[in-house]
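One letter stands for each residue in the lines below.
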Amino acid sequence: MLQALTTKAYTFELLDVPVPEAGDNQVLLEMKRVGICGSDIQVYHGKHKYMTFPIVLGHEISAVVMQAGKNVTNVKVGERVTIQPQIFCGECYPCQIGSYNVCQNLKVIGIHTTGACSDYFAVDASKVVKLPDDMDFDIGALVEPVAVGVHAAKKVGQIKGANVVVLGAGAIGNFTAQAAKALGAANVMITDVQDKRLELAKKGNVDYCVNTMKTGLADAIKENFGARGADAIIDCAAVKASIQQAIKSARRASKIIIVGNFKEPVEIEIPMLQRQEIDLISVMMYVREDYEDAVRLLGEGKINTEGIITNHFDLKQVKEAYEYIDEHMNDIMKVMLKVNE
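Bear in mind that the values here come from a model prediction, so they are computed numbers and not experimental data. (Residues numbered from 1 in each chain as written. Predicted model: local features only at pLDDT ≥ 70, side-chain atom pairs only at ≥ 80, totals over all residues. Heavy atoms only, no water.)

(A) How the structure looks around the overall build of the chain. Counting its secondary structure elements, the chain contains eleven helices and 17 strands. Against the compact-globule benchmark of 20 Å for 341 residues, the chain has a radius of gyration of 20 Å, which places it among compact chains. Principal-axis analysis of the C-alpha atoms gives the chain an extent of 60 × 40 × 35 Å. Within the span of the chain, comprising 341 residues, buried residues form 54% of the whole. Element-wise, carbon and sulfur atoms account for 47% of the exposed surface of the chain, whose accessible area totals about 15,300 Å². Distance from the positive charge centre (36 side chains) to the negative charge centre (42 side chains) of the chain: 5 Å. (Helix = DSSP H or I, 4+ residues; strand = E, 2+ residues; numbered from the N terminus. Rg over C-alpha atoms; globule rule 2.2 N^0.38 Å. Buried < 20%, exposed > 50% of the residue type's maximum accessible area, 1.4 Å probe, protein only. Areas by Shrake-Rupley, 256 points an atom, 1.4 Å probe, with all protein chains shown as cover. Lys, Arg positive; Asp, Glu negative; His and termini not counted. Charge placed at Lys NZ, Arg CZ, Asp CG, Glu CD.)

(B) Representation of the nonpolar core within the structure. Ranked by size, the top nonpolar core spans 97 residues in total, and within it Val27, Leu29, Met31, Val164, Ile190, Ile234 and Leu337 carry the most contacts. The contacts of methionine 31, once residues within four sequence positions are left out, are Ile61, Ser62, Ala63, Ala116, Ser118, Asp119, Tyr120, Phe121, Val339 and Asn340. If you look at the next biggest cluster of nonpolar residues, it comprises 17 residues, including Leu167, Ile247, Leu273 and Ile278. (Core = buried A, V, L, I, M, F, W, Y, C linked by side-chain atoms within 4.5 Å. Contact = heavy atoms within 4.5 Å.)

(C) Representation of the sheet that holds strand β13 (residues 232-235). Spatial ordering of the open sheet is given by β12-β11-β10-β13-β14-β15, a layout of six strands whose pairing is parallel. Bordering the open sheet on either side are β12 (208-211) and β15 (279-282), each of which pairs with just one other strand. Geometrically, the sheet is characterised by an average inter-axis angle of 20 degrees between neighbouring strands, direction not taken into account. In this sheet, β15 lies alongside strand β14 (residues 255-258) in parallel orientation, the contact comprising four bridges. Directly across from isoleucine 258, in β15, lies its bridge partner serine 282. (Pairing = 2+ DSSP bridges. Axes fitted to C-alpha atoms, helices over the stretch in contact; angles between N-to-C directions.)

(D) View of helix α7 (residues 217-225). Leu217, Ala220, Ile221, Asn224 and Phe225 are the residues of α7 that are buried. Here the buried residues of α7 occupy an arc of 100 degrees about the axis, which is enough to place them on one side. Within α7, the exposed residues directed more than 90 degrees away from the buried face are Asp219, Lys222 and Glu223. (Arc of directions from axis to C-beta.)

(E) Looking closely at the pattern of salt bridges. Taken as a whole, this structure holds 20 salt bridges when the rule is applied. Of the charged contacts in the structure, one is a salt bridge between glutamate 30 and lysine 32, with a shortest N-O distance of 3.2 Å. Lysine 32 carries the same exposure label as glutamate 30, and that label is buried. Put simply, lysine 196 and aspartate 331 hold a salt bridge, and the shortest N to O gap is 3.4 Å. Placement of the pair is lysine 196 in helix α6 (residues 195-202) and aspartate 331 in the loop between α11 (318-327) and β17 (334-338), with a sequence separation of 135 residues. Judged by its relative accessible area of 53%, lysine 196 falls in the exposed class. In this structure, a network of salt bridges that share partners links the residues Lys154, Glu289, Asp290, Asp293, Arg296, Glu300 and Lys302. (Salt bridge = Lys/Arg side-chain N within 4 Å of Asp/Glu carboxyl O.)

(F) Focus on the side chain of aspartate 138. Here aspartate 138 shows up in helix α3 (residues 137-140). The buried category is assigned to aspartate 138, whose relative accessible area is 15%.

(G) Geometry of the packing of aromatic side chains. Across all of its chains, the model carries eight aromatic pairs by this definition. Judged by centre distance (5.7 Å) and plane angle (20 degrees), the ring pair of phenylalanine 12 and tyrosine 44 falls under stacked. A residue pair is termed long-range when its members are at least 10 positions apart, and phenylalanine 12 in strand β2 (residues 11-16) and tyrosine 44 in helix α1 (residues 38-44) qualify at 32 residues. Taking relative accessible area as the criterion, tyrosine 44 reaches 1% and is therefore assigned buried. Members of the aromatic cluster, joined through ring pairs, are Tyr10, Phe12, Tyr44 and Tyr322. (Phe/Tyr/Trp six-rings, centres within 6.5 Å; stacked < 30°, edge-to-face > 60°.)

(H) Quick peek at the packing of helix α4 (residues 143-154) against helix α5 (residues 171-182). At a minimum axis distance of 8 Å, the contact between α4 and α5 shows a crossing angle of 50 degrees. Relative to α5, the element α4 is oriented oblique. Crossing geometry of α4 relative to α5 is assigned as right-handed. Facing Pro145, Val146, Val148, Gly149, Val150, Ala152 and Ala153 of α4, the residues of α5 in contact are Ile172, Phe175, Thr176, Ala179 and Ala180. Tallied by class, the residues present in the contact of α4 with α5 amount to ten nonpolar, two polar and no charged. (Parallel < 35°, antiparallel > 145°, perpendicular 65-115°, else oblique. Left-handed = near helix turned anticlockwise from the far one by under 90°. Nonpolar A, V, L, I, M, F, W, Y, C, P; charged D, E, K, R; others polar.)

(I) Structural detail: the environment of threonine 113. Following the sequence through the fold, threonine 113 ends up in the loop between β7 (107-108) and β8 (120-124). Residue threonine 113 is classed as partly exposed on the basis of its relative accessible area of 22%. Dropping the residues within four chain positions of it, threonine 113 is found in contact with Ile55, Val56, Ile87, Lys107 and Val108.

Dropping the structure here:
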């Protein structure tokens, strides 16, 4: 089978390797789609802090079950699935209280262990999440990033009736804003500096789409939410300006939720948080419930995916796909690899 191995920064090797066998507690997946995310790009650039080369990337996937081990009961051959790519110990305190997304020994498939960027992939059946039989493979491979958005939206707390701002209208920001609305937020505003991304967000039932190069964040919040302001500001942009704007624009007794992956340390004014009792909350991935909600919301059509996938490449074109992303960084949302087609 074909497997794409990242051997060093900016370098892929296309290997012909044996098709793996499913162990007793595993399933063998025939891959259909592999999405490329920001973490994959960091690995490709050799700038990811928590991985080592060589590595097979791929954790945003959709596939069909080809084989099931003798102990597997949760899925059947022929079913459409995706995977929840967290490997956790189950023994540390975070795992014991259900926060295995921050397991002390957490590993992520495709970042710390072999990923799914190949024709076939064997994985523990406990990581498999079933998809509806009629769900398109493209949509199935978007469950993982949608689950990030669902988890982030839930961090608002009392989401029903809330006023929520999302900073950054990339794929994660778009899905976070839509998830907040789908989970019951009264008003959702998304911001970006690119009108193209904001136009796409308008298709997803987001109430207000604001270019903060034209209207400042504080002014936009006041204009759209009135005196109540924002109950939560969710930072999916993850740049110095975004978090600083969030702190300056946050209402007293509200929340700032950090979703985006900051590349560098950022100085923030702690006293502004303290004096207004603003909660600063961090987000790390998701838990199984978020995955199940993501599948449900996508299946019910409550998360719009139109326009999210910018381009497709075949698995053998993996190098071209990553080069395309680098060359069109400001124009893309999600690039998808097609497998076994």
